[in-house]
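Coordinate analysis (summary)
These are the residues of each chain, in order.
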Amino acid sequence: MNLKKIFPDEQSIPEKVSISFQRQTGYLVNGEIRHWTGPFEKVLSPVYIQNGKGPEQKVLGEYPKLTGKEAMNALDAAVEAFDNGRGLWPTMSVRQRISHVEEFTARMVEKREEVVKLIMWEIGKSAKDSQKEFDRTVQYIKDTINALKDLDRKSSRFEIEEGVIGQIRRSPLGVVLCMGPFNYPLNETYATLIPALITGNAVIFKPPKLGVLLHSPLLEAFRLSFPAGVVNTVYGDGEEVVQPIMKSGKVNVLAFIGTSHVADIIKKAHPSPHRLRSVLGLEAKNTAIVLSDADLDLAVNEIVTGTLSFNGQRCTALKMLYVHQDILPKFIEQFTAAVDRLKAGMPWDEGVDITPLPEEGKAAYLDSLVRDAVSKGATVLNKRGGKHIESIYFPAIVFPVNSDMQLYHVEQFGPVIPVAAFNDIDEPLRYIMESKYGQQVSIFGTGTDEIARLIDPLVNQVARVNINSQCQRGPDTFPFTGRKDSAEGTLSVSDALRVFTIRSLVAAKENSLNKKIFTEIVRENKSNFLSTDFIF
Ligand code: G3H
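What counts and what doesn't
- Residues numbered from 1 in each chain as written.
- Predicted model: local features only at pLDDT ≥ 70, side-chain atom pairs only at ≥ 80, totals over all residues.
- Heavy atoms only, no water.
- Helix = DSSP H or I, 4+ residues; strand = E, 2+ residues; numbered from the N terminus.
- Rg over C-alpha atoms; globule rule 2.2 N^0.38 Å.
- Buried < 20%, exposed > 50% of the residue type's maximum accessible area, 1.4 Å probe, protein only.
- Contact = heavy atoms within 4.5 Å.
- Areas by Shrake-Rupley, 256 points an atom, 1.4 Å probe, with all protein chains shown as cover.
- Lys, Arg positive; Asp, Glu negative; His and termini not counted.
- Charge placed at Lys NZ, Arg CZ, Asp CG, Glu CD.
- Domains from an automatic or database assignment.
- Salt bridge = Lys/Arg side-chain N within 4 Å of Asp/Glu carboxyl O.
- Polar contact = N/O pair within 3.5 Å; in protein donor to acceptor, adjacent residues only side chain to side chain.
- Near = heavy atom within 4 Å.
- Nonpolar A, V, L, I, M, F, W, Y, C, P; charged D, E, K, R; others polar.
- Patch = residues over 30% accessible without salt bridge, like charges linked within 9 Å, V, L, I, M, F, W, Y side chains within 5 Å.
- Pairing = 2+ DSSP bridges.
- Expected span 1.5 Å × (residues − 1).
- Core = buried A, V, L, I, M, F, W, Y, C linked by side-chain atoms within 4.5 Å.
- Axes fitted to C-alpha atoms, helices over the stretch in contact; angles between N-to-C directions.

A short note on the overall build of the protein
For the protein, the count of helices and strands is 17 helices and 25 strands. Radius of gyration (C-alpha) of the protein: 25 Å, near the 24 Å computed for a compact globule of 536 residues. In terms of overall dimensions, the protein has a C-alpha envelope of 80 × 60 × 40 Å along the principal axes. Burial analysis of the protein (536 residues in total) assigns 57% to the buried set. The contacts of the protein with a sequence gap of at least 6 include a subset with a gap of at least 24, amounting to 74%. When the accessible area of the protein is evaluated, it comes to approximately 22800 Å², of which 49% is carbon and sulfur surface. Counting 63 positive and 65 negative side-chain charges, the protein places the centres of these two groups 4 Å from one another.

Details of the domain arrangement of the protein
Domains assigned within the protein are domain 1 (22-281) and domain 2 (286-483). Averaged C-alpha coordinates put domain 1 and domain 2 at centres separated by 31 Å. Every contact between the two is made by 21 residues of domain 1 and, on the other side, 20 residues of domain 2. At the boundary of domain 1 with domain 2, the tally comes to 2 salt bridges. As a salt-bridge pair, Asp476 and Arg136 come within 3.0 Å of each other at their nearest N and O atoms. Counting the contacts that link domain 1 with domain 2 gives 6 residue pairs in polar contact (both at pLDDT 80 or more).

Considering the site of the ligand
Taken together, Arg136, Asn183, Tyr184, Glu188, Arg314, Cys315, Thr316, Gln472, Arg473 and Phe480 are the residues near the ligand. Within the side chain of Arg136, a nitrogen or oxygen atom sits 2.8 Å from an oxygen atom of the ligand. A distance of 2.7 Å is found between an oxygen atom of the ligand and a backbone nitrogen or oxygen belonging to Arg473. Expressed as a share of its isolated accessible area of 310 Å², the protein-covered part of the ligand is 95%. Its residues placed into classes, the shell around the ligand shows 3 nonpolar, 3 polar and 4 charged. Counting only domains with at least three residues in the shell around the ligand, you end up with domain 1 (22-281) and domain 2 (286-483).

With respect to the side chain of Glu70
Assignment of secondary structure puts Glu70 in helix α1 (residues 68-82). Buried and unpaired, Glu70 has Lys69 as its nearest opposite-charge partner, separated by 4.2 Å. Those residues within four positions of Glu70 in sequence are excluded, and the remaining contacts are Tyr27 and Trp36.

Considerations on the side chain of Thr336
As for its placement among the helices and strands, Thr336 is situated in helix α11 (residues 328-340). Given the relative accessible area of 12%, Thr336 is considered buried. When sequence neighbours within four positions are dropped, the list of residues in contact with Thr336 reads Leu381, Asn382 and Ile397.

Points about a nonpolar patch on the surface
A contiguous nonpolar surface patch, about 250 Å² in accessible area, is contributed by Phe21, Leu44 and Val59. As for its placement among the helices and strands, Leu44 is situated in strand β4 (residues 40-51). Assessed through its relative accessible area of 36%, Leu44 is described here as partly exposed.

Overview of the environment of Ala496
Relative to the helices and strands, Ala496 resides in helix α16 (residues 493-499). Under the relative-accessibility criterion, Ala496 is labelled buried at 0%. Put simply, Ala496 and Ala191 are 305 residues apart on the chain and 8.0 Å apart in space, counted from C-alpha to C-alpha. Among residues more than four places away in sequence, those in contact with Ala496 are Tyr140, Ala191, Pro195 and Leu491.

Section: the pattern of salt bridges
This structure, assessed with the given rule, holds 27 salt bridges. Between Asp476 and Arg473 there is a salt bridge, and its shortest N-O distance comes to 3.6 Å. The buried category is assigned to Arg473, whose relative accessible area is 7%. Among the charged side chains, a network of salt bridges with common partners joins Arg136, Glu188, Arg473 and Asp476.

Looking at the pairing of β4
On any regular strand, side chains alternate: one points to one face of the sheet, the next to the other face. As paired elements, β4 and strand β5 (residues 54-64) share 9 bridges and run antiparallel to each other. Each residue of the ladder has a partner; that of Ile49, found in β5, is Glu56. Remark: 2 residues form the turn of the hairpin made by β4 and β5, two consecutive strands paired antiparallel.

Considering helix α10 (residues 296-308)
Within an α-helix, residues lying three or four positions from one another point in the same direction, as the helix has 3.6 residues per turn. Given a rise of 1.5 Å per residue, 13 residues ought to cover 18 Å, and the 18 Å separating the end C-alpha atoms of α10 matches this to within 8%. The set of residues buried in α10 consists of Leu296, Ala299, Val300, Ile303, Val304, Gly306, Thr307 and Leu308. Structurally, α10 contributes buried residues whose contacts are with β13 (286-290), β14 (318-324), α11, β19 (416-422) and β21 (440-444). Note on α10: the residue one or two positions beyond its end, Phe310, has a positive phi of about 45°.

Description of the nonpolar core
By size, the foremost hydrophobic cluster in this structure holds 138 residues, and its most contacted members are Phe222, Ile303, Leu321, Phe331 and Phe335. Take this core: its biggest share by element is 9 residues, from helix α5 (residues 127-155). The two domains that each donate at least three residues to this core are domain 1 (22-281) and domain 2 (286-483). Non-local contacts of Phe331, meaning those with residues more than four positions away in its chain, are made with Val290, Leu296, Val300, Ile303, Leu321 and Val323. Leu366, Tyr393, Leu429 and Ile443 belong to the second largest nonpolar core, which has 31 residues in total.

Brief notes about the sheet that holds strand β7 (residues 164-172)
With antiparallel pairing, the 3 strands of this open sheet are ordered in space as β6-β7-β25. The open sheet has two edge strands, β6 (159-161) and β25 (501-509), and neither has a second partner. The average undirected angle you get between the axes of adjacent strands in this sheet is 35°.

Okay, structure coming up:
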């Protein structure tokens, strides 16, 4: 493939995916979509378009560059909607809150095509993966509703212990700030936003810098589906809009997926850190260990997708490979061939694997990592490895990578694959132990004894050990977390409901007066909390 011709001209873009300039003026605050007249942030697509002079980055649109004032308005609206727990939303019954989220989901589904198209254009994700991201998010919402029903059913009863009657439920925490990452701008924002909302919190959400416009078709759905102030959006520079919100001390939960560096800045801005609960998804450097008896076809297949789906821009991507010396030549032969067969192209191209990278200067950064490794003795093993033009970077397999090279340490978050060989299993184990990160590992092998010996120490180093399988977050009902610098807290459909709530109970000494009061409240449906109502 000639990389020079990889970018299309306007005429060759299929009509189904062609897009006009997207000017977003609206932002959602206190139940209304306000229109911004101040400065705007330009959105550049990672897709370049050929014009007479060569490829030029497509200007996709613009969105409001809000200031601290609008950010504080959003905060005030959320604080008022929660109203110290007295607001309509936090006191509403679980059944009613579920019906609001169901309404939202129905409206969201109507916007599927629009959102999917924007994901493709804004972050360069393939059509197939963009659709998958949307559908997975809708499924996540449905699963969250079912998990909440389940939790509520289990809490719809009284307990009597040591002469005390009690009903224990989970209550919302207050104001939640949700910030998702650019690589899963919809899914990983909604994976915290929806559980935060459905459990009765008021939310402010700030989309990542890359991946803002794709949320705009859903603003109206939020406005129509939830009471005023329950969902609010802010856009713009983090320093300008996030810092004042945090400095107010009025945020109760920070749900953030991104880098630990930014997470630390945001957390530190809170004046009373002990009041702030955080759930964070951060960096990772997941390692694959390929044992000498690995099933090569299976390992190569899993490692190709594990390292390169969405161009390796996943926190769960495999970012370091340790391959046993005995199997190394065969592994390299098959793996380089499989990677060189990948198709680079535009997000809408049929069967495309490698697509444009959205981060500014990313190809140059990846190139610098490869050059650094090569200058210290490594080689790029695959023929097409490292070829790049503008935002397209063809995956480079770099071998042998050692601790003198940047690639050994940094989270490359892109299509460069460092490989090291080992004889002694202690080498990859030491690498994992000494790493700053502790999210997941993949072991490829067929011998039960050796795999079993590795499982026991590794589960104490990382949060998920994958056997003959790539690292991944899903299924979303499984716990997703990490050790060390990789995460704080645990997310899964059911864990997220716990993250955004605290257990509260109503208790009374078991005497005839209290029994009468409890009975009357429950019989006459006087309380949404003290209730034995069963949600079917
Ligand atoms: O970027 C990190 C994502 O949580 C990874 O999710 O394993 O489903 O791609 P995934």
